[in-house]
Protein chains: 2
Amino acid sequence: MEITQGNRTAEDESITICRRIQRLTLHLLTPTTTTGNNKLALEMLTCASRVKLNVSVEELSSYMRGKNREIQEAVYDYFNARPELQTPVEINKDDHRELCMRQMVGLVREAGIRPFKYMVEDPAKYFAVLEAAGSIDMSLGIKMGVQYSLWGGSVINLGTKRHKDKYFEGIDNLDYPGCFAMTELHHGSNVQGLQTIAIFDPLTDEFIIDTPHDGAIKWWIGNAAVHGKFATVFAKLMLPTHDRKGASDMGVHAFIVPIRDMNTHQTLPGIEIHDCGHKVGLNGVDNGALRFRSVRIPRDNLLNRFGDVSRDGKYMSSLPTINKRFAATLGELVNGRVSLAYSSVSVLKLAATIAIRYSLIRQQFGPPKQPEISILDYQSQQHKLMPMLASAYAFHFATFYLVEKYSEMKKSYDEQIVADVHALSAGLKAYVTSYTAKSLSICREACGGHGYAAINRFGTLRNDHDIFQTFEGDNTVLLQQVAGDLLKQYQAKFKGGTLAVTWNYLRESMSSYLSQPNPVTARWEGEDHLRDPSFQLDAFRYRTSRLLQSVAVRMRKHSKTLGGFGAWNRCLNHLLTLAESHIESVILAKFIEAVQNCPEENSRAALKLVCDLYALDRIWNDIGTYRNVDYVAPNKAKAIHKLTEYLCFQVRNVAKELVDAFDLPDHVTRAPIAMQSEAYSQYTQYIGFDP
Amino acid sequence: MEITQGNRTAEDESITICRRIQRLTLHLLTPTTTTGNNKLALEMLTCASRVKLNVSVEELSSYMRGKNREIQEAVYDYFNARPELQTPVEINKDDHRELCMRQMVGLVREAGIRPFKYMVEDPAKYFAVLEAAGSIDMSLGIKMGVQYSLWGGSVINLGTKRHKDKYFEGIDNLDYPGCFAMTELHHGSNVQGLQTIAIFDPLTDEFIIDTPHDGAIKWWIGNAAVHGKFATVFAKLMLPTHDRKGASDMGVHAFIVPIRDMNTHQTLPGIEIHDCGHKVGLNGVDNGALRFRSVRIPRDNLLNRFGDVSRDGKYMSSLPTINKRFAATLGELVNGRVSLAYSSVSVLKLAATIAIRYSLIRQQFGPPKQPEISILDYQSQQHKLMPMLASAYAFHFATFYLVEKYSEMKKSYDEQIVADVHALSAGLKAYVTSYTAKSLSICREACGGHGYAAINRFGTLRNDHDIFQTFEGDNTVLLQQVAGDLLKQYQAKFKGGTLAVTWNYLRESMSSYLSQPNPVTARWEGEDHLRDPSFQLDAFRYRTSRLLQSVAVRMRKHSKTLGGFGAWNRCLNHLLTLAESHIESVILAKFIEAVQNCPEENSRAALKLVCDLYALDRIWNDIGTYRNVDYVAPNKAKAIHKLTEYLCFQVRNVAKELVDAFDLPDHVTRAPIAMQSEAYSQYTQYIGFDP
């Protein structure tokens, strides 16, 4: 991809000249010499100080921000004007929960934000609100997610008109705070293994909800410990039979169960609620545990979109099997994953902004008898933070795409898009949240002692975000869903079926990728080649195709002796690597598209720079795999490594502009060490020294 | 290393038979076939269920525990008997600080623990006490470290007899709580850049301590916000001159400065103290910021071991330069690093114990129509936790060795041992604390939702431990010291000088390692070969030698154009990798020794298993490096990967015994999910359900 030449500035000219010198230098060197070191050293000497892009923060930022920036600013402004609603650095659990509830109520009733309405009418707007709320306090974002995505979402997506009519308004205006009671003490990931039961009593036309043993206590239920009035309870639907078994298990269904009195807020009879207590983070959310003892609810409270029970106890469903109904039920809950992936990127941006701004201000050591230098000038600090910055950009475009696809799905219900959104949301949620979690620790460490001050936020961000890896589907489990989907698609391919959109590349490329790598291109090491998006995408897709093909062979082999479950477990690490590799391919493809679509030249050049860093850093991180199959020769591996270090250095030169383009105002970043003016003196004043 | 054949049991017999079958199978396969997969699959099928070692927890544990177990048990027992002194799950900062002080006072005055005495007489005992205290509450361990290692250590190591006579008793019995005021707002790592000044006033025979600007405010000073009466203040010593400059800078020295009144506890005149506020963790430690305005202290308060000022303002020192004096001063403070490395291993053991015990109890999913299986039976969970368990063992022996060496150094002051302990403590502190920090996040994530309950401890462990990576020398800076030392040794080697003990292997091996790898052994893939300690050590040392030699070449080249500082920065990532690689070599060598020295056969076999996993997992993690120089051929890389997965599976089979051998009683681990009986019901009771 050549960058289109528009209005040429002096800066451009100098870049072009540098490039020419580089190329000339390259031509002078034969491809077999091992002077990769010298070559890059030369480049760095000749160009380093001159190839500073002139990035316009405004242009780049306006390309990045979506159409929902306005409502996010409304959220930021609301809290900026209400200091009493801002979460202090130290706050105990109980006060935090009350504050978080007041924050949500304020947003809905005072600021006029209507998340539930947006969720139904314009999901992208809904996700934008959740993201902004999470930037204020992650507990607030999650509490809103519990209320709207989980409790509200289960009512409107799993229920029918009668439920929507009855509950929509109360959920929207917070008269009906509610819970989503799925997880049990013994079962989180294995939702089909839930033990809570709902037996239909034809005499009274009611369901009786019961916790058969302590392992089935509903656990970690958000909104349950303090605020919830209702809960969507997932339980095995049992219908009476006439044989000796007494009841037949129709699989897990969802039921609306009132848990507290609408007026007195007393816990209702038969229900025992305990506080799950202090958590690692998100202590503004009141998680509780619920035990049911013969709690009776009317038959109407079954959320009956995918399965219903008639007055005389007959089961009715348009879907033929328990597994299909279960899949349809869970499928409707994908919105939580979309929201987490999207919000996790925002946490990553926030942390990277704080760490990079501080690394620019902070000076430590320097050449003898010269001033100290910024710690971001150290190669080691660039190595910690620049690929992270590149990833934040990469994830930004990928999750924007996901939100778009999700909105499209909610309109069309096209089967292919549904499948695509499901796998993509699982994969991106797992990949992005794991990456962000690791990055938060790196940011804290990269900011040294001042990164350890609570006011500088890394602690809270990490503690609050940590569980993003677990809830709405454990990441290790979600990646297996992606791998499973890929294997299914792989088999479908050989049966001539169609492939979901996101995997399309596999169809196009499997056969070419599965041949032996080209021994000539495996040695190419020129910068133009390594920065060519088609080389980068090829490398990502080659790896995925190869992993997919080899795991399919291994699965077939092991299944014969170990059975399906045993074979899966024997290949589990391989499958997880495959899933990650696929997701990385999708992210890169979207990033390359975003670079190409950027209308403004300098912004495009900056994006191209971070995109190259994203791609080459990932290839270098997995260089063993590429070397093992001789996809890259040793000289090329070395060149990739050198170029990655060089790109880190280049990105560092525009790092300030790149984080500024995330467009996070000081009243959102809040960390004194990240203030855009007088960071140190804001910090000293914060702890009590006079200005 | 062949395991000695002692009394043979049926178990041993079956292992031997399995091995024979494996070897026969191997002999049937030609070395060029790519059937590594089949081979290992066969091994796993034939041996998997039978090669379960019969590990005696008691034997293994008695080999592991040092001679200071008794005093650690005294610490555990003291707190077990004083529930009112145990830190609750939720506690605010101010209460936590008071509790932490009461814990320390209780330990010293009630339980009769005398840390300062041990520090002087038997350092190993001192470190054991700190480790045990840290297991009770990491804040307690660190507060004790501030009082004894830092404040106390500076007085007795940098001062002379008059200081010891005056302060020893009060520091020991806690009448004199004190601080170590080194770090400033603008300077942490660059201690030579400190800005606080101490001008000698010959008229009054006093030093005047001053904070010349806000950047020089002493920051993060432990014990300063609330409890400290004294501080060892690091400041540039300025002596009056007769020329126009007025004063000459003699470099950074340490001074005892009283900061609060002994009776009223009021802050003394000229001193301004503010609370640094809430931190990410360790909130039981009261960190403060100090600003000095013409604070006068008697000349005697200069800690004058390495440099003194006479009554008439003349400087006297046995050391010729500022740099040498500075090195000697910092050199005496190495004890904090030893203690952090040692305590960090204990945090790793604690976290691994909780995560592994829970992973054994927790069941989720399983083969169709069969009971669910333990999550530790999943390959992915083994991959997360088994190399971590192996590392905990590896680090255990390495830090025991460090403590031994440190004790030896304190007796002999042998120059070689001093150099060795300095580099080794820097390297191990950096390497171990970084590894533990990452592992704590992995443990939390591996335990899913229940890992997020504060009571299960991962949050506190991570938050408290996090700063271990930063204080007592930032890890990135410490690794550079190791790399610098290696480069120095490398140059010395060529000048025929002697090498410090720990690097001895470099002398023995550099020349052989720097030749081309052997293309025959690069293809060897048999289990016996891969599990041969000499192959493993060779691989680790080859990598270090190669990195050292290549960075020396690069440094020489870049120095010409960029100068020393620029060249160092250009090679920084390379230097950090070198340092880590060296430390890994040292750890492996110590681990192999510990396996060989283990007297009891089954314990030895178990240790050999984890040692092999440690070695091969590290080689696999860096397989790109090995492949790039063709140290291992593709078939061997594959065999290493397979064997690593297989060893994870084998270690899983004795994981319970291996964590039990860490010998952490339930009242120390405390997490309900890690209880050795009735974990789930202890958890439900904790949040309020009836038993």
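Reading guide: rules and limits
Residues numbered from 1 in each chain as written. Chains lettered and ligands numbered in written order. Predicted model: local features only at pLDDT ≥ 70, side-chain atom pairs only at ≥ 80, totals over all residues. Heavy atoms only, no water. UniProt positions renumbered as here; feature names shortened; annotations may be inferred. Contact = heavy atoms within 4.5 Å. Buried area = accessible area lost by both parts, 1.4 Å probe. Salt bridge = Lys/Arg side-chain N within 4 Å of Asp/Glu carboxyl O. Polar contact = N/O pair within 3.5 Å; in protein donor to acceptor, adjacent residues only side chain to side chain. Helix = DSSP H or I, 4+ residues; strand = E, 2+ residues; numbered from the N terminus. Nonpolar A, V, L, I, M, F, W, Y, C, P; charged D, E, K, R; others polar. Pairing = 2+ DSSP bridges. Axes fitted to C-alpha atoms, helices over the stretch in contact; angles between N-to-C directions. Buried < 20%, exposed > 50% of the residue type's maximum accessible area, 1.4 Å probe, protein only. Least-squares fit on C-alpha atoms with pLDDT ≥ 70 in both. Parallel < 35°, antiparallel > 145°, perpendicular 65-115°, else oblique. Left-handed = near helix turned anticlockwise from the far one by under 90°. Domains from an automatic or database assignment. pLDDT = per-residue confidence, 0-100.

- Chain A is annotated in an unreviewed UniProt entry as Acyl-coenzyme A oxidase from Dillenia turbinata.
- The Sequence similarities (unreviewed entry) comment attached to chain A in UniProt states, word for word, "Belongs to the acyl-CoA oxidase family."
- As recorded by UniProt, the Subcellular location (unreviewed entry) comment attached to chain A reads in full: "Peroxisome".

### A short note on the interface of chain B and chain A
Okay, step 1: Taken residue by residue, the interface counts 93 residues in chain B and 93 residues in chain A.
Okay, step 2: In this assembly, chain B packs against chain A so that about 8,100 Å² is buried in total across both faces, 54% of it on carbon and sulfur atoms.
Okay, step 3: Sorting the residues of chain B by area buried against chain A places Tyr452, Phe565 and Phe689 of chain B first, and these three jointly supply 10% of that buried surface.
Okay, step 4: For the pair chain B and chain A, the interface holds 4 salt bridges.
Okay, step 5: A salt bridge links Arg462 of chain A to Asp466 of chain B; the shortest N-O distance between them is 3.0 Å.
Okay, step 6: Along the contact surface separating chain B from chain A lie 59 residue pairs in polar contact (both at pLDDT 80 or more).
Okay, step 7: Among the elements that make up the side of chain B that touches chain A, the one with the highest residue count is helix H18 (residues 533-570) of chain B (7 residues).
Okay, step 8: Grouping the constituent residues of the side of chain B that touches chain A by class yields 35 nonpolar, 34 polar and 24 charged.

### Section: the sheet that holds strand E7 (residues 271-275) of chain A
Residues and elements named next belong to chain A.
Okay, step 1: Taken in spatial order, the 3 strands make up an open sheet running E4-E8-E7, and their pairing is antiparallel. Both outer strands of the open sheet, strand E4 (218-221) and E7, are each paired with one neighbouring strand and no more. On average, adjacent strands in this sheet sit at an angle of 25° to one another, irrespective of strand direction.
Okay, step 2: Pairing of E4 with strand E8 (residues 288-292) involves 2 bridges; the strand directions are antiparallel. Its bridge partner lying in E8, Lys218 is registered against Leu290.

### Details of the pattern of salt bridges
Residues and elements named next belong to chain B.
Okay, step 1: Tallying each qualifying case throughout the model produces 82 salt bridges over all chains.
Okay, step 2: Residue Arg543 is joined to Glu584 by a salt bridge in which the shortest nitrogen-to-oxygen separation is 2.6 Å. Within this pair, whereas Arg543 is found in helix H18, its partner Glu584 is found in helix H19 (residues 572-597), the two being separated by 41 residues in sequence. Taken individually, Arg543 and Glu584 each receive the classification buried, so the pair is uniform in this respect.

### Observations regarding the UniProt feature "domain: Acyl-CoA oxidase C-terminal" (unreviewed entry) in chain A
Okay, step 1: UniProt's feature table lists "domain: Acyl-CoA oxidase C-terminal" (unreviewed entry) at residues 532-675 of chain A, given in the numbering used throughout.
Okay, step 2: Split by type, residues 532-675 of chain A is 84% helix and 0% strand. Its first and last C-alpha atoms lie 37 Å apart.

### Considering the relation of the copies chain B and chain A
Okay, step 1: The transformation that overlays chain B on chain A combines an axial shift of 0.0 Å with a rotation of 180°, and the residual RMSD is 0.0 Å. The relationship between the two copies is best expressed as a two-fold rotation axis. By C-alpha distance to the rotation axis, the residue of chain B lying nearest is Gly624 of chain B, at 1.9 Å.
Okay, step 2: A shared binding surface is used by both copies, with 100% of the interface residues of chain B retained as interface residues in chain A.

### Observations regarding the UniProt feature "binding site: FAD" (unreviewed entry) in chain A
All names here are of chain A.
Okay, step 1: When the UniProt feature table is mapped onto this chain, "binding site: FAD" (unreviewed entry) is found at Thr183 and Gly222. These annotated residues cover 40 residues of sequence, but their C-alpha atoms sit close together, with the largest distance between any two at 10.5 Å.
Okay, step 2: You can see Thr183 is positioned in the loop between strand E1 (178-181) and strand E2 (197-201).
Okay, step 3: Sequence-distant contacts of Thr183, that is, excluding residues within four places in its chain, are made with Gly188, Ile217, Lys218, Trp219 and Ile221.

### Looking at the pairing of strand E5 (residues 230-240) of chain A
Consecutive side chains along a regular strand alternate between the two faces of the sheet.
Residue and element names in this part refer to chain A.
Okay, step 1: Most of E5 is tucked away: 10 of the 11 residues are buried.
Okay, step 2: Pairing of E1 with E5, which is carried by 4 bridges, proceeds in the parallel orientation. In the strand pairing of E5, Ala181 is matched with Val233.
Okay, step 3: Of the strand pairs in this sheet, E2 and E5 are connected by 3 bridges, and their pairing is parallel. Its bridge partner being in E5, Ile199 is matched across the sheet by Met238.
Okay, step 4: In this structure, E5 lies alongside strand E6 (residues 247-258), joined through 10 bridges in antiparallel fashion. By the bridge assignment for E6, Phe234 is matched with Ala254.

### Examining the sheet that holds strand E8 (residues 287-292) of chain B
Residue and element names in this part refer to chain B.
Okay, step 1: On the basis of which strands lie adjacent, the open sheet formed by 3 strands has the order E4-E8-E7 and antiparallel pairing. Each edge of the open sheet is held by one strand with a lone partner, namely strand E4 (218-222) and strand E7 (271-275). For this sheet, the mean inter-axis angle between neighbouring strands, taken without regard to orientation, is 35°.
Okay, step 2: The pairing of E7 with E8 spans 5 bridges and is antiparallel. Following the sheet pairing, Asp275 is matched in E8 by Gly288.

### As for the packing of helix H11 (residues 335-361) of chain A against helix H12 (residues 379-412) of chain A
All names here are of chain A.
Okay, step 1: Where H11 contacts H12, the two axes come as close as 9 Å, and the packing angle between them is 150°. As far as their axial angle goes, H12 and H11 are roughly antiparallel. Relative to H12, the crossing made by H11 is left-handed.
Okay, step 2: Here the residues of the contact of H11 with H12 are counted per class, giving 18 nonpolar, 6 polar and 1 charged.

### Some points on the domain arrangement of chain A
All names here are of chain A.
Okay, step 1: On domain assignment, one finds that chain A holds domain 1 (57-170), domain 2 (180-314) and domain 3 (335-496 + 524-669).
Okay, step 2: The centre of domain 1, based on its C-alpha atoms, is set 27 Å off from the matching centre of domain 3.
Okay, step 3: Across the boundary between the two partners, domain 1 contributes 28 residues, which contact 42 residues of domain 3.
Okay, step 4: Buried surface at the junction of domain 1 and domain 3, summed over both partners, amounts to about 3,000 Å²; 66% is from carbon and sulfur atoms.
Okay, step 5: Area buried by domain 1 at its contact with domain 3 is led by Tyr63, Met64 and Met138, which between them contribute 26% of it.

### Regarding the side chain of Gln72 of chain A
Residue and element names in this part refer to chain A.
Okay, step 1: By secondary structure assignment, the location of Gln72 is in helix H4 (residues 69-80).
Okay, step 2: Given the relative accessible area of 8%, Gln72 is considered buried.
Okay, step 3: When residues no more than four places from it in sequence are discounted, the contact partners of Gln72 are Ala128, Glu131 and Ala132.

### Describing the confidence of the model for chain A
Close inspection of predicted coordinates is inappropriate in any region flagged by low pLDDT.
All names here are of chain A.
Okay, step 1: In the predicted model, chain A carries a mean pLDDT of 90, and the fraction of residues at 70 or more is 89%.
Okay, step 2: Residue range residues 1-50 is modelled with pLDDT below 50. Its contacts to residues more than four positions away, or to other chains, number 64 contacts.
Okay, step 3: Across the predicted assembly, pTM comes out at 0.92 and ipTM at 0.91.

### Re the packing of H19 of chain B against helix H20 (residues 601-621) of chain B
To characterise two packed helices, one gives the angle between the axes of the helices and the distance between these axes.
Residue and element names in this part refer to chain B.
Okay, step 1: The N-to-C vectors of H19 and H20 enclose an angle of 165°; their axes lie 9 Å apart at closest approach. As judged from the angle between their axes, H19 and H20 are roughly antiparallel. Of the two possible hands of crossing, H19 and H20 adopt the one that is left-handed. Each of Glu584, Ile587, Leu588, Phe591, Ile592, Ala594, Val595 and Gln596 in H19 lies in contact with H20, whose residues at this interface are Arg604, Leu607, Lys608, Val610, Cys611, Tyr614, Ala615 and Arg618.
Okay, step 2: Residues that form the contact of H19 with H20 fall into these classes: 11 nonpolar, 1 polar and 4 charged.

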